Amino acid sequence: MDDVVWKGSGEGLRYAIVGGGMSGIMAAIRLIGQGETNFTVFEKEADIGGTWRDNRYPGLTCDTPSHAYSYSFALNPKWSSYYASGPEIHRYFKDVASDFGVMPHVRCNSEVSACIFDEDSATWTVGLTDGGEVEVDVVIAASGVLHYPKMPDIPGLDTFAGKAFHSARWDDSAVVDGARVGVIGCGSTGIQIVNALSNRAERLVHFQRSPQWIMPVPQFDYSAEQQEAFAKDNALIDAIRHDPDYWAAIYRFTDGITDFNSPQIAEIEEYCRQNLENSVRDPELREKLRPNYRAACKRLIYSWEYYECVQRPAVYVETGAIAQVEPEGVRMQDGTFHPLDVLVLATGFKADRFIRPAVVKGRGGQTLDDFWNPRPTAHLAVTLPDFPNFFMLNGPTGPVGNFPLIDIAEMQWDYLKQLLEPVREGRARCVEPTREAFEAYEERRIAAARKTIFGSGCSSWYLDDTGVPATWPWSYQAFVDAMAAPDWQEFRLEA
Ligand code: NAP
């Protein structure tokens with residue numbers, strides 16, 4: 001590192017932040033905090049907020065406690081409940097972005113269509129779908145993971161006479177009160193929608209191809225007095241954020257997922273099993289709701305109410321195979337017909353897109369599509385060899401699970417900030433991981449990923465196209481340690 005000498009222009013770096021969601025807003029605030037103003041947040045939609053803007057379905061909540069799902073630098077005494085609702089979270093991000101001066105840097109309705117690296121100038125040309133072009137030194141890809149809806153390939157779907165739509169494209173004109181509603185999918189989304197509609201719809205059919213394990217969690221409102229006390233004393237919020245029981249559960253969970261034979265996972269599974277046994281009264285329904293794979297293999301559902309809601313009179317659980325959608329409803333392979341007015345497709349997302357479909361070209365014109373064949377990946381989830389000064393927040397192979405992704409993004413920022421230090425100081429033009437370091441990481445990661453609970457024999461969005469879990473396969477602490485400081489031997493600085 002010492003022998004790299006680049007005489008910087010001294011004008012400060014120019015940044016493009018791709019995406020105005022939780023990570024992009026955080027990156028912008030961090031840049032402002034370090035006195036940098038030469039950046040733009042490119043947001044493809046008309047508003048910021050990422051997943052909390054896109055998802056507007058009834059019952060939307062975050063399954064991470066609200067005080068933990070907050071930026072460390074913008075605690076929110078006003079959270080109304082232990083698990084906050086989607087609209088409240090969206091409001092929070094918008095308020096924080098506004099309070100920290102991010103909005104003048106945000107360019108809405110501005111989708112990034114290309115990021116092309118020029119080796120001579122060591123700059124990125126960022127192309128926009130509206131035809132615009134911007135030259136920057138650094139690209140921060142903060143595009144999120146779950147933003148391209150995965151539509152189910154069910155015959156006849158387009159013949160449905162009622163309203164049919166994906167959960168992340170909620171159709172406000174659809175009348176669900178007193179209507180016959182079908183919800184396909186029982187991931188976190190489908191479960192929350194069914195909870196919310198279980199006493200609103202006249203009949204609610206929950207189509208479950210693979211029933212889910214449900215982890216019971218508490219939910220409660222914060223009183224006005226509590227909110228006042230939080231506002232006066234942030235230590236009270238910190239006590240919730242750093243609640244030893246909460247973190248013990250997270251550590252137990254992340255230690256457990258690293259080994260599907262671990263006692264921690266057995267304990268979690270037993271907890272979920274007891275929840276099923278003790279909560280569902282009808283033995284037939286209980287068996288319908290019993291998963292045939294390990295708990296936490298798919299993302300564990302946290303819910304304080306699903307088993308109660310699904311036992312309401314209007315709700316019917318359908319675990320048979322769907323044959324086709326017909327104009328009046330859904331036909332099962334055994335001939336059963338469910339007449340429906342509204343069909344909600346809570347069928348998940350294409351989790352391998354990240355910044356794509358933008359065309360990203362690094363050194364030698366290498367495309368991200370090629371680099372990510374057969375799977376999206378990044379060195380320690382943040383950097384890519386041959387894509388200099390290109391950083392990912394909540395990108396591929398990062399930790400995902402039932403814990404705050406804000407925390408992950410903040411750690412990733414602290415790490416990439418250190419990586420950029422030589423470039424900011426004018427000692428190098430670019431930084432990128434060496435191919436050797438990246439390949440060694442990938443080899444270790446894939447071997448470890450196969451042993452995680454995600455690889456224990458179920459399908460989920462955690463798996464890549466080759467069936468390898470795409471997530472961080474080690475403990476939470478291992479991630480914290482990896483992000484604490486770069487191992488400079490793994491990086492190449494170019495003068
Ligand atoms: P998901 O977990 O991928 O679940 C998709 C569901 O749709 C699964 O039950 C799947 O069944 C079913 N499905 C897909 N295609 C189908 C088809 N052709 N026929 C029948 N069923 C089909 O998607 P999600 O529920 O939207 O959740 C995605 C992620 O978003 C979550 O894991 C979580 O990370 C995040 N999320 C978080 C929260 C929160 O509270 N923080 C809330 C919502 C979402 P199979 O399992 O059989 O494939």
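Residues numbered from 1 in each chain as written. Predicted model: local features only at pLDDT ≥ 70, side-chain atom pairs only at ≥ 80, totals over all residues. Heavy atoms only, no water.

## Topic: the sheet that holds strand E7 (residues 138-141)
Phase 1 of the analysis: Pairing within the open sheet is mixed, and its six strands lie in the order E3-E2-E1-E7-E20-E19. Pairing within the sheet leaves two strands with one partner each, and these edge strands are strand E3 (106-107) and strand E19 (383-384).
Phase 2 of the analysis: The pairing of strand E2 (residues 39-42) with E3 spans two bridges and is parallel. Residue pairing in the sheet places Val41 in a bridge with Val106 of E3.
Phase 3 of the analysis: Contacting strand E1 (15-18), E2 and E7, helix H1 (residues 22-33) crosses the sheet at an angle of about 155° to E1.
Phase 4 of the analysis: The sheet strands contacting helix H12 (residues 405-424) are E1, E7, E19 and strand E20 (387-392), and the helix crosses E20 at an angle near 155°. (Pairing = 2+ DSSP bridges. Helix = DSSP H or I, 4+ residues; strand = E, 2+ residues; numbered from the N terminus. Contact = heavy atoms within 4.5 Å. Axes fitted to C-alpha atoms, helices over the stretch in contact; angles between N-to-C directions.)

## Remarks on the site of the ligand
Phase 1 of the analysis: Around the ligand sit 23 residues, and of these Thr189, Ser210, Lys298, Arg299 and Trp461 come closest.
Phase 2 of the analysis: Cys186 has a polar backbone atom sitting 2.9 Å from an oxygen atom of the ligand.
Phase 3 of the analysis: Between the ligand and the protein, one listed contact pairs an oxygen atom with a side-chain N or O atom of Gln192 at 3.2 Å.
Phase 4 of the analysis: When the ligand is considered free in solution it has 910 Å² of accessible area, and contact with the protein chains removes 86% of it.
Phase 5 of the analysis: By residue number, the principal contributor to the shell around the ligand is helix H4 (residues 188-197), which donates three residues.
Phase 6 of the analysis: In the shell around the ligand, the residues fall into nine nonpolar, 10 polar and four charged.
Phase 7 of the analysis: Summarising the domain contributions, the shell around the ligand has at least three residues from each of domain 1 (15-148 + 350-494) and domain 2 (157-345). (Near = heavy atom within 4 Å. Polar contact = N/O pair within 3.5 Å; in protein donor to acceptor, adjacent residues only side chain to side chain. Areas by Shrake-Rupley, 256 points an atom, 1.4 Å probe, with all protein chains shown as cover. Nonpolar A, V, L, I, M, F, W, Y, C, P; charged D, E, K, R; others polar. Domains from an automatic or database assignment.)

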